[in-house]
Amino acid sequence: MSIVTEVAAASSAETIAHFADTLRFETDCWDTHDALSGGNADFVILDVRSPESYAKGHVPGAINLLRGKIIASKLASYPADTLFVTYCAGPHCNGAARAAIKLAQLGRPVKIMVGGITGWLDEGFSLTTEVNELA
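Thresholds applied
- Per chain, residue numbering runs from 1 following the sequence as it is written.
- Reporting of local features is limited, given that this is a predicted model, to residues whose pLDDT is at least 70; pairs of side-chain atoms are given and counted only at 80 or more, and all residues count toward the totals for whole chains, interfaces and linings.
- Side-chain numbers come from the whole structure's heavy atoms, not from hydrogens or water.
- Note on definitions: salt bridges are taken to be side-chain nitrogens of Lys or Arg within 4 Å of carboxyl oxygens of Asp or Glu.
- The helix count covers DSSP runs of H or I at least four residues long, the strand count covers runs of E at least two residues long, and both are numbered beginning at the N terminus.
- The cut-offs for exposure are 20% and 50% of the maximum accessible area for each residue type, with area from a 1.4 Å probe on protein chains only; residues under the lower value are buried, those over the upper are exposed, and the others partly exposed.
- Pairing of aromatic rings covers Phe, Tyr and Trp, the last through its six-membered ring, and needs centres within 6.5 Å; plane angles under 30 degrees mean stacked, over 60 mean edge-to-face, and all others mean tilted.
- The reported arc concerns the directions from the helix axis to the C-beta atoms and nothing else.
- Contacts were defined at the residue level, with two residues in contact if any of their heavy atoms lie within 4.5 Å.
- Strand pairing requires that DSSP identify at least two bridges connecting the strands.

A.B. asks: Account for the pattern of salt bridges, naming residues and giving values.
C.D. replies: This structure, assessed with the given rule, holds 2 salt bridges. Between Arg24 and Asp21 there is a salt bridge, with the nearest N and O atoms lying 2.1 Å from each other. Within this pair, Arg24 and its partner Asp21 are both found in helix H1 (residues 12-25), separated by 3 residues, close to a single helical turn. Residue Arg49 is joined to Asp47 by a salt bridge in which the shortest nitrogen-to-oxygen separation is 2.8 Å. For the pair formed by Arg49 and Asp47, the shared burial category is buried.

Next up, the structure:
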């Protein structure tokens, strides 16, 4: 018996529930890019990295908003059911998760874009330096 099979796999029903639940909390770079480039962006994408990192290059359409600046008044122009998608530098960074918690504390729907900038670039997608402001 290998270390892989030492612990039995979950049942099919448990597996479906687990991974379906995961998709409620996160999206990936490919799906985000597809929605943004196809004009189907029914969400607001937030880059929660430093303004300097954002200025060097970010996901097209992303708004730079540091976790500490995520407050109700900054989001007031968005309807309460607006989905926010957060990202940071990459899988080695927890900034997207911290920002997601902050948004959820404000009662806002949120997902993280797993992979962040690292994942975005790994997929071969380009960055922009065009600045986007909060609505």
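A.B. asks: Can you explain the packing of aromatic side chains? Please cite residues and give values.
C.D. replies: Taken as a whole and judged by the stated rule, the model has 3 aromatic pairs. Both rings, one in Tyr78 and one in Phe84, keep their centres 5.5 Å apart while their planes meet at 85°; by these two values the pair is edge-to-face. Here Tyr78 falls in the buried class, since its relative accessible area comes to 12%. The class of Phe84 is buried, set by a relative accessible area of 0%. Through successive ring pairs, a cluster of aromatic residues spans Trp30, Trp120 and Phe125.

A.B. asks: Just give me the short version of helix H5 (residues 95-105), but keep the residues and values in it.
C.D. replies: Residues of H5 that are buried: Gly95, Ala96, Ala99, Ala100 and Leu103. One side of H5 holds all its buried residues, which, seen down the axis, span an arc of 135°. Along its buried surface, H5 packs onto strand E2 (43-47), helix H4 (72-75), strand E4 (83-87) and strand E5 (110-114). Gly107 lies just past H5 and shows a positive phi near 80°.

A.B. asks: Please provide a residue-by-residue account of the pairing of E2, values included.
C.D. replies: Counting buried positions along E2 gives 5 out of 5 residues, so the element sits mostly inside the fold. Burial along E2 is two-sided: the face carrying Phe43, Ile45 and Asp47 and the face carrying Val44 and Leu46 are both buried. Here E2 pairs with E4 via 5 bridges, running parallel. Opposite Val44, over in E4, you have Phe84 as the bridge partner. In terms of strand pairing, E2 meets strand E3 (residues 63-64) through 2 bridges, oriented parallel. Residue pairing across strands places Asp47 opposite Asn64, the latter belonging to E3.

Structural measurements only, silent on function.
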